[in-house]
Amino acid sequence: MSATGHTLQLAELRRGDNASFGGKSAALGELIAAGIPVPPGFAVSTSAFRAFVDEAGLGGMIAAEMSRMSPGDVDSVGAASHAISQAMRFAPVPDAVRDEVARRYAELGAEAPVAVRSSALGEDSQDATFAGQQETYLWVRGADHVCDALRDCWVSLYSPPAISYRARLSDGEEPAMGVAVQLMVDAEVSGVLFTCNPVSGDPSMVAVNASWGLGLAVVGGEVTPDDYLVSKVTREVVRAHVHSKDVQYVPDAGGRGAVRVDVPEARRTVACLDAAGLDALVDVAGRIERYFGSHQDVEWAIARDAELPASLFIVQSRPVTAVQRPAGTPAATSAMALVLSAFGAGKKD
Amino acid sequence: MAAPSTVGSFPSPYEIETPPGCEGWEEMYPYYGRFDEERREADEQRFWFWNSMHFPVPMPAFDAICIDTAYQALGSWQNRVFAVPPAMGIDWRCINGYIYISGNPVLDPEKIAERAGHFEKRAGYYYENWDELYGKWRTKMDALIVELGELEVPQLGEYEPDEVAFGDQQTSYVSVLDAYRNALRLHDVMWQHHFEFLLLGYGAYMTFAELCKANLPDIPDQHIAQMVAGLDVLLFRPDAELRRLARLAIDTGVDPAFVEGRSPEEIDAELAQSDAGLAWLAELESVKEPWFHMATGDGLYHTYTSWLDDPRIPYASLIGYVGALKAGENIERPTDHIAQERDRLATEYGALLGDEARQGFDQLLTLSRTVFPYVEEHKFLCDYWFLTSWWNKIREFGDLLVTHGFFEHRDDIFQLSRLEVYSALDELLLTWATGGQPRGPKYWPPIVARRRELLARLGDWTPPPAVGAVPEAVLDPALIMLWGVTTQRVHAWAREQEGGSELTGTAASPGVVEGPARVVKTVGEIGDVRDGEILVCSITSPAWAPIFSKIQAAVTDIGGVMSHAAIVCREYGVPAVVGTGRATSSIKTGQRIRVDGTEGTVTILE
């Protein structure tokens, strides 16, 4: 990477770039490599964050605040968070970063709406989800606003939960963060899918949660989404629970940001996925699972005014954490022993 | 077994009233088949469920032989031969003509362990030598059917034939009683064969199903069934032959004879007018042996005759198939597709499992595929072919008693218990020998008339799905395997005792439809089913195949995912919910209902 090379196209990233671009961006690069439809975009490296801290001369101040706070003391964490956040918000994004982001942004189209998402180091790993460090800014337009959102993502590194979380498990290393910038999908329907049933652990099922509008409502738990369980083997819908989806996020009428609105009454209890939608999701779930070789937790969106499968986009994929393992069968039992135990004979365990 | 109920309750068997005009129904059944006061304390604490799978309508006195013999046979194999560790056999009682059954559990852990030793040796021997033993079984069963066909019911002449006077032939009173005893003996033997492999066959299948569910908790039952089900099964042959005959009719240009509403005789008469028609009839004749030994129903009753006895059902199928072919529809059973799908499911599910589970999966699937053909084939050979022929053999004794004035109609014999028939024959032979005056001709006809009347009245009464105590858990493998009566099912019945517009059962064939219900309680009502209706019945028989092309969905009172209705509905792509416990008593013909074959629910909409 050149001295000012703070960004790369998402398509150029691979798993190994996790350390410099964060887990989310690296996973998006892998998805693109796997031929999965991902909205185009670019990734901002952790080097941009470091340049930001260095140029604004915030390093000493951050270190001082952090050394003053005690992880167990909520007030001290809050005070440190407030002081660092305030300082960061007033610091400029370095020109080199700003120019590069503007150039990359222009490649996505004039004033194109984008999503700006944090991509923390180690985030989205199989071991843990970095709760509280996943700031996402939707429907951002214009290079200046993208840079503001970029800075907001960096600020989120020092939110109180993020500070506590790091204090609990980390080694005191300097935190850093990558950011992903992606073209927005004007989602009619969006949600989450798991490439297994996370509740029962059944690996033959794809579990889908879906609701109207942008994915925020489902991810944030603001609606009870429609809930589907679909067999990977036969594509049969084994379970379909349609719930009343009362709110949704849609692009703000002014064209900037996403707003929460009520779902029109008549539409709330309408199933938001049909057979074709589920089929496309199960199809892409299988491809993602095969590519990564493990069960994945995937965020997806189906764009308005387009036809499946072209309208389906994957905006995030990460390994499923805490998957339930099916009860399975007792080890080292022969088929005959199992039959005998069904009749109440033989060894049960 | 009994537990304080937290999930609803069943009525006490002692509190159920006799419907008006049905007093004295008990006379039709043996003394031990009642809920009597002597056993009240024990019987009230037991869980009894209505065996509507085998006995959907009130039992005629003679037909009760199928209860006794079947449970003698089931109990012998389960309890005395294989010594299934936690369960002995099945007890039965009768309420208002309907048969309730209850398992006898083994509770003593030492006894269970002792039985487990026998079971492992004996069942293990069967599983290991399955193909050889099943080959022998087929030979025995075929020989039994031949023996039944050859059994002669002697006539009583004024004088004995010369062979008695000049040869060694025995006298007719001995021959008639021998013939009757022999008929009963053949029936005993059939049931012995019937249960020899049945439990073990279901057991292997159930173990495979359990392994699938332990590793793939959400796998639909029907996928498990699809992986195991046989392709070239005897049970499907009769219907396949009808489809072949329908094609032949079109190919040889005799199809105009098959007009909706015509009787078999009218169709035959028209066919007999042309050479092509005669050729078709000749082909039909060649198919009849053995394929028209299909029964018209699935219950163990003399009224379920064969296609040979009542050709209306196969002819209705033929008319339907000819019509469908002419309309350009494909009537073939998609065997290739079923075979491919069966193997694809097995491969794909297998690939999702870890190595250890995979090994068990492969072994159990192989075992299940080895043993399951028996489960499907015994039905044709025992329940249909043998039993329909056997009822006809009993009718020949009915003829003998009609000839001598004891009865008006041959079928009157079924209003007497098997022991009463023995007694009537005894008297007939006594008075025939002595030249005395028989009392039977005056004695039996009023009894026959009264019992016919009783059965008709009892038929209007709706039995509760279960009586007695609600069990904490159902542990009896036979109840679970043969009747699909699981803990969950029983508790759902208990909850539903109060009624309600939603019924739950087993999701047997996926899909959701709404439509008008058609409640079918007896085989005679099959003809009433109209296009687009939802079939609601106690249980279906393979002989009902023709109506599955008409109906939108099927709902049954009893049965599991491997029951006939479930299998056929999956083949026809029609949603089905089986084992609802009370569909025929809760739903009325004409009501709109919604059947959700994916969730296993039935909702009464109006």
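Note that the structure is predicted; figures quoted are calculated from it, not measured. (Residues numbered from 1 in each chain as written. Chains lettered and ligands numbered in written order. Predicted model: local features only at pLDDT ≥ 70, side-chain atom pairs only at ≥ 80, totals over all residues.)

1. Regarding the domain arrangement of chain B
Domain annotation of chain B identifies domain 1 (234-328) and domain 2 (500-604). Taking only C-alpha atoms, the centre of domain 1 of chain B and the centre of domain 2 of chain B are 25 Å apart. (Domains from an automatic or database assignment.)

2. Some points on the domain arrangement of chain A
Residues and elements named next belong to chain A. Once the domains are mapped, chain A shows domain 1 (7-183) and domain 2 (187-319). The C-alpha-based centres of domain 1 and domain 2 are spaced at 26 Å. Facing the 16 residues of domain 1 at the interface are 20 residues of domain 2. Secondary-structure elements contributing two or more residues to the side of domain 1 that touches domain 2 are helix 2 (23-33) and strand 4 (136-140). Of the residues forming the side of domain 1 that touches domain 2, the biggest block, three residues, is contributed by helix 2. Split into classes, the residues belonging to the side of domain 1 that touches domain 2 amount to ten nonpolar, three polar and three charged. (Contact = placed C-beta atoms within 7 Å. Helix = DSSP H or I, 4+ residues; strand = E, 2+ residues; numbered from the N terminus. Nonpolar A, V, L, I, M, F, W, Y, C, P; charged D, E, K, R; others polar.)

3. What to know about the packing of helix 5 (residues 74-90) of chain A against helix 7 (residues 143-156) of chain A
Residues and elements named next belong to chain A. Here helix 5 crosses helix 7 at 160 degrees, and the two axes come no closer than 10 Å. In terms of their interaxial angle, helix 5 and helix 7 are classed as roughly antiparallel. Note that helix 5 runs across helix 7; the crossing there is right-handed. For the pair helix 5 and helix 7, the contacting residues are Ser-85, Met-88 and Arg-89 in the first and Arg-151, Trp-154 and Val-155 in the second. (Axes fitted to C-alpha atoms, helices over the stretch in contact; angles between N-to-C directions. Parallel < 35°, antiparallel > 145°, perpendicular 65-115°, else oblique. Left-handed = near helix turned anticlockwise from the far one by under 90°.)

4. Description of the sheet that holds strand 13 (residues 312-319) of chain A
Residues and elements named next belong to chain A. The strand order across the open sheet formed by six strands is 9-8-7-6-12-13, and the pairing between neighbours is antiparallel. In the strand order of this sheet, the two ends are held by strand 9 (237-241) and strand 13, each with one partner. The average angle at which neighbouring strand axes cross in this sheet is 15 degrees, direction not considered. Across the sheet, helix 11 (residues 275-292) is in contact with strand 6 (187-194), strand 7 (205-212), strand 8 (226-231), strand 9, strand 12 (296-303) and strand 13; its angle to strand 12 comes to roughly 140 degrees. (Pairing = 2+ DSSP bridges.)

5. Here's the deal with the interface of chain B and chain A
Each partner contributes residues to the interface: chain B has 37 residues there, and chain A has 29 residues. Looking at the side of chain B that touches chain A, the elements that each hand over two or more residues are helix 3 (109-128), helix 7 (198-215), helix 13 (335-351) and helix 14 (355-403) of chain B. In the side of chain B that touches chain A, the residues fall into 24 nonpolar, eight polar and five charged.

6. Here we look at helix 2 (residues 65-81) of chain B
Residues and elements named next belong to chain B. Along helix 2, the largest kink reaches about 25 degrees and is centred on Gly-75. Among all positions in helix 2, only Ile-65, Cys-66, Ile-67, Thr-69, Ala-70, Ala-73, Trp-77 and Gln-78 are buried. Packed against the buried residues of helix 2 are strand 2 (87-95), strand 3 (98-105), helix 6 (172-196), helix 7, helix 15 (418-434) and helix 17 (477-483). Of the residues flanking the end of helix 2, it is Ala-83, one or two places downstream, whose phi is positive at about 50 degrees. (Bend = angle between axes of the 7 residues up to and from the residue. Buried ≥ 20, exposed ≤ 12 C-beta atoms within 10 Å, placed from the backbone.)

7. A word on helix 6 (residues 95-107) of chain A
Residue and element names in this part refer to chain A. Between the first and last C-alpha of helix 6 there are 18 Å, a value that for 13 residues agrees with the 18 Å anticipated at 1.5 Å per step. Every buried residue of helix 6 is accounted for by Val-97, Val-101, Arg-104 and Tyr-105. The buried residues of helix 6 occupy an angular sector of 100 degrees when projected down its axis, which confines them to one face. Turned more than 90 degrees away from the buried face of helix 6, the exposed residues are Asp-95, Arg-103, Ala-106 and Glu-107. In this fold, the buried residues of helix 6 make contact with strand 1 (7-9), strand 2 (41-44), helix 3 (46-56), helix 7 and strand 5 (177-183). In the segment just after helix 6, Gly-109 is the residue with positive phi, at about 125 degrees. (Expected span 1.5 Å × (residues − 1). Arc of directions from axis to C-beta.)

8. Remarks on the pairing of strand 7 (residues 512-520) of chain B
All names here are of chain B. The pairing of strand 7 with strand 11 (residues 592-596) spans five bridges and is classified as antiparallel. The residue of strand 11 that forms the bridge with Val-512 is Asp-596. Alignment of strand 7 against strand 8 (residues 534-537), held across four bridges, turns out to be parallel. Across the sheet, the residue bridging to Val-520 is Cys-537, located in strand 8.

9. Thoughts on the nonpolar core
B:Leu199, B:Phe208, B:Val536 and B:Ala576 are the most contacted members of the largest nonpolar core, which has 168 residues in total. Broken down by element, this core gets its largest block of residues, 21 residues, from helix 14 of chain B. Here this core gathers at least three residues from each of two domains, domain 1 (234-328) and domain 2 (500-604) of chain B. Apart from residues lying up to four places away in sequence, B:Leu199 is in contact with B:Trp77, B:Gln78, B:Phe82, B:Val84, B:Ala478 and B:Met481. Core analysis: the second largest hydrophobic core is formed by 87 residues, A:Ala27, A:Tyr105, A:Val181 and A:Leu193 among them. (Core = buried A, V, L, I, M, F, W, Y, C linked by C-beta atoms within 7 Å.)

10. With respect to the sheet that holds strand 2 of chain B
Residue and element names in this part refer to chain B. Read across the sheet, four strands follow the order 2-3-1-4 without closing on themselves; strand pairing throughout is antiparallel. Looking at the sheet topology across the chains shown, the edges are occupied by strand 2 and strand 4 (466-468). Going across the sheet, the axis of each strand differs from the next one's by a mean of 30 degrees, ignoring polarity. As judged from the three bridges shared by strand 1 (residues 47-50) and strand 4, these two strands associate in the antiparallel manner. Of the residues in strand 4, the one forming a bridge with Phe-49 is Ala-466.

11. Some thoughts on the confidence of the model for chain B
All names here are of chain B. Looking at chain B as a whole, the pLDDT averages 90, with 95% of positions reaching at least 70. The spread of mean pLDDT over the elements of chain B runs between helix 19 (residues 545-548), the lowest at 70, and helix 15, the highest at 98. Considering only residues more than four positions removed or in separate chains, one finds that residues 1-7, a stretch of pLDDT under 50, has 16 contacts. Our summary of model confidence lists the complex with pTM equal to 0.77 and ipTM equal to 0.80. (pLDDT = per-residue confidence, 0-100.)

12. Description of the pairing of strand 5 of chain A
Residue and element names in this part refer to chain A. Along strand 5, six of the seven residues are buried, which leaves the element largely enclosed by surrounding structure. When strand 2 meets strand 5, the two strands line up antiparallel, connected through four bridges. Paired with Phe-42 across the two strands is Val-181, which belongs to strand 5.

13. Side note on unusual backbone geometry
Each neighbour pair has its own omega, and for A:Leu308 with A:Pro309 the value is 0 degrees, a cis peptide bond. You can see A:Pro309 is positioned in the loop between strand 12 and strand 13. Here the amide bond leading from B:Glu289 into B:Pro290 is cis, since omega sits at 5 degrees, within 30 degrees of zero. For B:Pro290, the position within the fold is in helix 11 (residues 275-291). Residues other than glycine seldom take positive phi values, yet A:Glu111 does so here, at roughly 55 degrees. In this structure, A:Glu111 sits in the loop between helix 6 and strand 3 (114-120). The class for A:Glu111 is partly exposed, based on 13 C-beta atoms found within 10 Å.

14. What to know about the packing of helix 12 (residues 335-342) of chain A against helix 3 of chain B
Each pair of packed helices gets described by two things: the angle between the helix axes and the distance between those axes. Running from amino to carboxyl end, helix 12 of chain A crosses helix 3 of chain B at an angle of 125 degrees, the nearest separation of the two axes being 11 Å. Considering their axes alone, helix 12 of chain A and helix 3 of chain B lie oblique with respect to each other. Considering how the two elements wind past one another, helix 12 of chain A and helix 3 of chain B form a crossing that is right-handed. Contact residues: helix 12 of chain A offers A:Met336, A:Val339 and A:Leu340, while helix 3 of chain B offers B:Phe119, B:Glu120, B:Ala123, B:Gly124 and B:Tyr127.

15. Re the confidence of the model for chain A
Residues and elements named next belong to chain A. When pLDDT is averaged along chain A, the result is 86, and 89% of the positions lie at 70 or above. Helix 8 (residues 160-169) is the least confidently modelled element of chain A, averaging 75 in pLDDT, while strand 2 averages 96, the highest of any element. Within the model, pLDDT remains below 50 along residues 124-132, and this stretch shows 18 contacts once partners closer than five positions in the same chain are excluded.

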